[in-house]
Every structure is written in C-alpha cells, then in structure tokens.
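This is what each chain is made of:
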Protein chains: 2
Amino acid sequence: MKIAIMGFGTVGSGAYESARIAGGIEVVKILARHGREGYEFLNSIITPDIDDIAGDPDIELVVESMGGVEPAREYVLKCLRAGKHVVTPNKNLISACYSELMEEAEANGVKLRFTSTVGGGIPWLFNLLRTKRCDEILQVKGIVNGTCNYILDAMYDKGADFGEMLKIAQEIGYAESDPSADIEGTDTLRKTVISTNLAFDAVVKEEDVLCYGIDTIQACDIAYLKSKGLACKLMMKAEKKNGAVEVYVEPTAFSADSLEANVKLNNNMITLTAKYIGTQSFYGQGAGMMPTGQSVIQDVIDIRDNKEQYISKSTKVLKADNSNAIHRYYIRHDRMCEHMEPLVDTYEEKDGIYYCISKPIPVEKMHEMGHHRKERGKEMFFAALDE
Amino acid sequence: MKIAIMGFGTVGSGAYESARIAGGIEVVKILARHGREGYEFLNSIITPDIDDIAGDPDIELVVESMGGVEPAREYVLKCLRAGKHVVTPNKNLISACYSELMEEAEANGVKLRFTSTVGGGIPWLFNLLRTKRCDEILQVKGIVNGTCNYILDAMYDKGADFGEMLKIAQEIGYAESDPSADIEGTDTLRKTVISTNLAFDAVVKEEDVLCYGIDTIQACDIAYLKSKGLACKLMMKAEKKNGAVEVYVEPTAFSADSLEANVKLNNNMITLTAKYIGTQSFYGQGAGMMPTGQSVIQDVIDIRDNKEQYISKSTKVLKADNSNAIHRYYIRHDRMCEHMEPLVDTYEEKDGIYYCISKPIPVEKMHEMGHHRKERGKEMFFAALDE
C-alpha cells in the first residue's frame, strides 16, 4: 500500500520507521517544509504542498501527524474528499472535529482511524471498539497523560514539590516548554472526549467535560494523602447513566494498593468496565516516537487488510450530562469559611491549612469552586476520593 | 454464520449467550450427552454424536468447549478435516497438541483460534499476535491463574494459611475439588506453553517448562516476604535469549508497589515487552462463564469476518532452553545444611526455620531442589526475586 505522511516530527518519523518494520507499506510522499536530520535520503519525496498528496492517485492512505487543529483539519478533509483513508495520532483534531471528520470519511467511502490519539502505543481504542462487538461498555477511566503521571509519581516517591518536578520533566523532554495543556488537564480532556465518543456512541463537546488539572497541587497535598494511604493521579472518567454520559477529568486519590496508584513514571493505564467481561485494564507507554508510530501503523495495516472496526448500530447519540454526578473529595483550603463548612465532613488543620474530606458534593459544584479560586489566585486543591 | 458448540458446560453456555448478544452467529448444533438446566429450549439441537456435527455441511465453525485432551483432540481433528474452523478455550488441548492441530488446520485451509485459552476474557493472545505485525516480542510474563492469585492475595491480606484459603476458594467455586492443576502450577504451565509458542514462533513441550507451584507455601512465607515489602505471585515467564527461549513457572516475590503485587482476588495480568513499543500489560478476569464465552465469540467473529491473525514468517522454530537462566531466590528451609550454605547470601533464623535470600542460582537447580524436597515430603518453599 502506498501512503503519505503529513508532518515529519517525532511521531511522523516513528510511523515511517514502523512502516519499514511492518513491510508492505510504502511511504511515497512526506508533507514537510524541509527535511529531517538523519532522513536526508527522503528529501526527494518531501513536498510542502498538500495538493501533491491529495492529488496523487497512487496514494491510498495518508498519515496526518502534523498536530493541532488547523491546517490539519483542512488537509485531512482534502484527503478524505480525494478518496484517501486517513490515520492520525492527532488528539486535538479528533477531539475537536470528531463528527465532521467521521461523516466526511463515511460520505467518501474511506476510513478514518485514530487509535494512537489515546494511550499512544497502548491498543486502547482498538480494544474498546473490539469489546463492543459483543458487549456493552458501562464505564471508561484512566491515566492518559504521561507528563502528569511522571510529576505526580515523583512527588509521591521523593516528596518533591510540583514546580521542581515540572522543571525536571521539561528538562528530560516529558513536558513541553509550555506545559499548560498537560498540567491543566486539557490533553487528558481531549483523550476523554475521544474515548467517550467511541465507548458510548456519544458526541461529546470539549466544553461539556468538567476539567480540573494538577497545576495547583503542592507537596503538602501529596504528603497528606500519602499519610492516609492514598496516591493522587489525574484521571479521565466517563460513565453511562440514565441515557447520558457523566464525563469529567479530575485529580483522584487512590488507595496505595490499587493498580492506578502503582502506575509509575510516564506510563498510562486505561480501564473499561463492560456488562459481560467486567473490568479490563490496558497499561503501557502512552507517548513516544516508536510506541505511537507503531500504533499508527497498526491502524494502517488494519485498513490495508480490510479489517473493519466495530460500527455502532445505535441511532441515539448520547450527550454529556454531569448534573447528577456526586462524590466525596479531598480538599485543601486556606480557611474554614461559610462556603466550606457545609461541604466538609472531617478536617485537620495544620499551619493554617485545612485538609478536608468532604461530604458527597456535586462534581459540577466542586469544579466550579476550584476554577473560581484558581482564577482569583487563591490557594486550593481538590482530588476525588476513589471509593 | 452457522456454528456448533461441543461441550455445553460453563464456558460452552457462555459462548452460546455471547453469540446471541453479538448477533450474526447461529448455534445450530450442540454436542452433549444431555441438555442443560435452563436451556431446555435447545434440546432439539443437542446431539451426542460428533458425526452429526462434523458431517453437517451447513456448519462452518465449531466451538470446542469440552475440556481435556481426549476426546477433544479427536473431535477437533475430525472437524478440521471436514473443513470447519475451530475455536477453543481448551488450554490442555492446545498446550499438548499445538503443532499437530495448527498443521491440520492449515492443511485443510481452515482457522484454529484459541484466544481464550490464556487469560480467559482478556484479549491477551489476540494483542500479542497483533503486536507482532510490526514489532518483535522479547519477553512475556504474567499472573494467569486466578485460583492461585485469589489464595495468595487473601493470604497476603488476611495472614491466612494456605490450606484455609484453598478451602474457601473451593467453597466459592474458584478452585476445583481436585485443585492440583492450579496450585501445582500445571494450569499456568499450559498457558505458558501457549503464550510462548505464539510470542516466539516456538514449539515448546510441556515437559521442557520448569514448573514449581504454590502448594508448599505457608503463612510464614507470606509474612516474611511482606515484612520485606514483597508480595508473592505465581508467574509464567518466557524470554527469548540466544536463539532459544527461557521458559518457566515459579512463585515470584514482587515489590509491594509493583503492578503485579496489586493484582487482587482472582484477576489476571499478563505483560509483554517488545522491541519498539516497550512494556504493555493486560489486566482483567481470567476465567468465568461470560468473560471466557465473550472471548470465544470474539474469535468466532474474527473468523466469520475474514480477519486474519498475524502469521509467522520465521522458518526457525525456537525451543525451550533454561540452561542459562539464573537469578536470586527467597528460600525457606528447615536447616542450613551443606547443600544450602553455598547457595545462600543472607538468612534469618526464627523458630528453627531459615528464611534465606540466595546468591544467583540456576533456575534449573532451584526447581530440582524444590521438587526433590517435595517428593520426600520435606519442608521447603522458594520464590524468585523480581529484580
């Protein structure tokens, strides 16, 4: 099969290498402004012009690994309309434009696959869809951001502070120079949107997902939780309930002897619960050149070999609705004011800081409080209690 | 697709239910001596005669869920020769007759699939083969016997003794009335043979796999290991080394903050390490009517939909060779004799029992010692150190 790769950065070159290893896949064009160091032998197939790819009748499939929404969206639409299959690891694109792109692919009789958008090298979305062939998904959840997990794990392990560990994560290349998409939870949110859409035949909008990241966490939070036998992880969660989907991203405190608490370094672990097979988890490297490149090429192989994925027979499109989601939280606050008191079940005060375990609180309310405090530059952190 | 089910016990009926849920699969005959309670409506399609199935041209695929090697082997061969695909959860059969059955399937142009033989409902073997489409497997390992894990987990959690927990496991139906295949490691061994064959294009014989179970473990072993921050699990392990495969089954002591140590109850977790994607683990229910039945039907769907699995291009068949396998062990022994002293690095003595950490010892030697002691009814237990 002749394919093109659009965008030749880390993942693009990982896909190139994986295609070579797999065999039977020939990369005939690469969209890039210039060549890549170490890949000078590919200079003759590099083009900066999308029409060289969309207009090439020999190319059956295009790997889009440019990242970002535009111009990736425009280029992918062009390729789909030109009758080319598309495989992409671009979570920003799929999270933002899921319906539009899926419909365009269907209208043109081609496939759009994006297994590597969630969990990098882990065959999570692939197995999620495969499970649906004879089972019903009830819940998905997981650790899907390796940068956050690396920071949280190191804080737990070494007692280090957030800023210190973020800096180290940046130095070793796990975190971007602008780390906000990771630490504020936006990256996790996008992966949540994609997982939820596939799990529940839903069309969830990014703005409907409640999202609170780990950018306000401090060493004292980790230490307090650890003293109670708990470890904090940034989690995606989505659950089918009463004809809608509860879907949110939030720090969550797990018992130290849970699987989640023991996901180390920058690894990911993603879990489904289905009606008949029960709970299954998938663990591994959620990012990186080769793991992600391999996952991209697995999608390419499936399309090449005409392996259909599960297609929903449901005509009802589920939507996000968090209005009934409610559970207990750990909350760190700087005072026990009239807003806090009615919410709190028990608390400990140390050096003017209140470490609280809440009564069950609506998730919407907790997130609203958290964002309100953050916007005003006030101290606060919360984590759901996994119970 | 019209199929038959041979053997209508727990897994057979799970497969039947899963086929109903999946749709597009019609069970037209069931091989059984008599009907099953609650399934009286199927009495008209029950037959005790294999030739009613092998000779029925409408049946394209047969699910063999009888268990045991004979007559399952004979019946499966009959079906393959009659041009029918076969799907089976029967690990005894596939472990013992892998080459013979695979060759017979190939000679007759039909498929033989057995994803559910290892890990029950976990899509382990499926993903293992899928990974090989563009990567190379270096190692497989895992907790694949739910009964042993249930017992070990309860001993760790409650400090209970082995016999006590085995009895409870039997009462709640996790362990058979004759539990030897589970606790002596034979069940794990069979799953190891199957996983190893697929991972490494090997043909491993059961008798070439070193195997030591958990039937000699005692509460004092669990307590000693726990005091050192370790938890014991029964593990399958296979690793490609120098053109052969090291492959064995043994109790293994994991750090309490490892994923393995935190696999609870009767769950399984199976892990591959591959050259490019690194380490991936698959966790879930390794047994049970619906998880296993679902996994059987996933294989049926793949065959129905012409989804080919990875087929090895290797012409070299790897064999088992443990002669270079060497690592450290925890050993409990009742005396520090001239056999033990040269092997031991450090030990603690308490109430006449020696709790030892060994120097690196050949795995073959350790297993030989263990079996020698067991045969003579002498006290001993060992567990590999995961390090």
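For clarity, every value in this text was computed on a predicted model and none was experimentally measured.

**Topic: the sheet that holds strand 3 (residues 46-47) of chain A**
All names here are of chain A.
Point 1. In spatial order, the strands read 3-2-1-4-5-6; together these 6 strands make up an open sheet with parallel pairing. Looking at the sheet topology across the chains shown, the edges are occupied by strand 3 and strand 6 (112-113).
Point 2. Pairing geometry for strand 5 (residues 85-87) and strand 6, over 2 bridges, is parallel. Bridging from a neighbouring strand, Val87 pairs with Arg113 of strand 6.

**Overview of unusual backbone geometry**
Residues and elements named next belong to chain A.
Point 1. Residue Glu70 is joined to Pro71 through a cis peptide bond whose omega torsion reads 5°.
Point 2. Here Pro71 shows up in the loop between strand 4 (61-64) and helix 3 (72-81).
Point 3. The backbone of Leu265 sits at a positive phi, close to 50°, despite the residue not being glycine.
Point 4. A relative accessible area of 46% means that Leu265 is categorised as partly exposed.

**So, the domain arrangement of chain A**
All names here are of chain A.
Point 1. Domain boundaries assigned for chain A yield domain 1 (2-113 + 291-304) and domain 2 (125-285).
Point 2. With centres defined by C-alpha atoms, the gap from domain 1 to domain 2 works out at 28 Å.
Point 3. Listed as interface residues are 9 residues of domain 1 and, on the opposing side, 12 residues of domain 2.
Point 4. Between domain 1 and domain 2 lies a buried interface of about 860 Å² when both sides are counted; carbon and sulfur atoms form 62% of it.
Point 5. Summed over the three residues of domain 1 that lose the most area to domain 2, namely Lys91, Ser95 and Tyr98, the buried surface amounts to 59% of that side.
Point 6. Across the contact surface, domain 1 and domain 2 share 1 salt bridge.
Point 7. The salt bridge involving Lys91 is made with Asp187; its shortest N-O contact spans 3.5 Å.
Point 8. Inspection of the domain 1/domain 2 interface yields 1 residue pair in polar contact (both at pLDDT 80 or more).
Point 9. Listing elements by their share of the side of domain 1 that touches domain 2, those giving two or more residues are helix 4 (91-107) and helix 11 (289-304).
Point 10. Considering every element that reaches the side of domain 1 that touches domain 2, the biggest residue donor is helix 4, with 7 residues.

**Side note on the relation of the copies chain B and chain A**
Point 1. For the match of chain B to chain A, the screw axis carries a shift of 0.0 Å, the RMSD comes to 0.0 Å, and the turn is 180°. Considering both components of the superposition, the chain copies are consistent with a two-fold axis. Among all residues of chain B, the one whose C-alpha sits closest to the rotation axis is Phe282(B), at a distance of 2.5 Å.
Point 2. With an isologous cut-off of 70% or more, the 98% of interface residues of chain B that recur at the interface of chain A puts this contact in the isologous class.

**Topic: helix 3 of chain A**
All names here are of chain A.
Point 1. Listing the buried residues of helix 3 in full gives Ala72, Tyr75, Val76, Leu77, Cys79 and Leu80.
Point 2. For helix 3, the elements touching its buried residues are strand 1 (2-6), strand 2 (26-31), helix 2 (50-54), strand 4, strand 5 and helix 4.
Point 3. Phi turns positive one or two residues past the end of helix 3, at Gly83, with a value near 80°.

**Concerning the side chain of Ser13(A)**
All names here are of chain A.
Point 1. Here Ser13 lies in helix 1 (residues 10-22).
Point 2. Ser13 sits in the buried class, given a relative accessible area of 0%.
Point 3. Apart from the residues lying within four places of it in its own chain, the contact partners of Ser13 are Phe8, Arg36, Tyr39 and Met289.

**Examining the interface of chain B and chain A**
Point 1. Across the boundary between the two partners, chain B contributes 41 residues, which contact 40 residues of chain A.
Point 2. The tally of links between chain B and chain A comes to 6 salt bridges.
Point 3. One can count 19 residue pairs in polar contact (both at pLDDT 80 or more) joining chain B with chain A.
Point 4. Residue assignment for the side of chain B that touches chain A shows that the elements contributing at least two residues are helix 1 (10-22), helix 5 (124-131), strand 12 (278-285) and helix 11 (289-304) of chain B.
Point 5. Top contributing element to the side of chain B that touches chain A by residue count: helix 11 of chain B, with 8 residues.
Point 6. Of the residues in the side of chain B that touches chain A, the class split is 17 nonpolar, 14 polar and 10 charged.
Point 7. Sheet topology places strand 12 (residues 278-285) of chain A next to strand 12 of chain B; 3 bridges connect them, and they run antiparallel.

Cut-off values and rules
- In every chain, residue numbers begin from 1 and rise along the written sequence.
- By the order in which they are written, chains take letters starting at A while ligands take numbers starting at 1.
- In keeping with the predicted nature of the model, local features appear solely for residues at pLDDT of at least 70, side-chain atom pairs appear and are counted solely at 80 or more, and the whole-chain, interface and lining totals rest on all residues.
- The side-chain numbers reported here are obtained from all heavy atoms of the structure, hydrogens and water having been left aside.
- When DSSP finds two or more bridges between a pair of strands, those strands are recorded as paired.
- Secondary structure counts use DSSP, requiring at least four H or I residues in a row for a helix and at least two E residues in a row for a strand, with both numbered from the N terminus.
- Summary of the burial criterion: residues with accessible area below 20% of their type's maximum are buried, those above 50% are exposed, and those between are partly exposed, where the area comes from a 1.4 Å probe applied to protein chains only.
- Domain delimitation in this document rests on an assignment produced automatically or drawn from a domain database.
- Whether two residues are in contact is decided by their heavy atoms, any of which lying within 4.5 Å being enough.
- Accessible-area loss on putting two parts together, using a 1.4 Å probe and summing over both, is the definition of buried area adopted here.
- Throughout this description, the term salt bridge denotes a Lys or Arg side-chain nitrogen within 4 Å of a carboxyl oxygen of Asp or Glu.
- Any pair of nitrogen or oxygen atoms within 3.5 Å is treated as a polar contact; in protein, a donor-acceptor pairing is required on top of that, and neighbouring residues in sequence qualify only through side-chain atoms on both sides.
- We superpose the copies by least squares over the C-alpha atoms of residues that have a pLDDT of at least 70 in both of them.
- Under the convention adopted here, Pro, Cys and the residues Ala, Val, Leu, Ile, Met, Phe, Trp and Tyr are nonpolar, Asp, Glu, Lys and Arg are charged, and Gly plus all remaining residues are polar.

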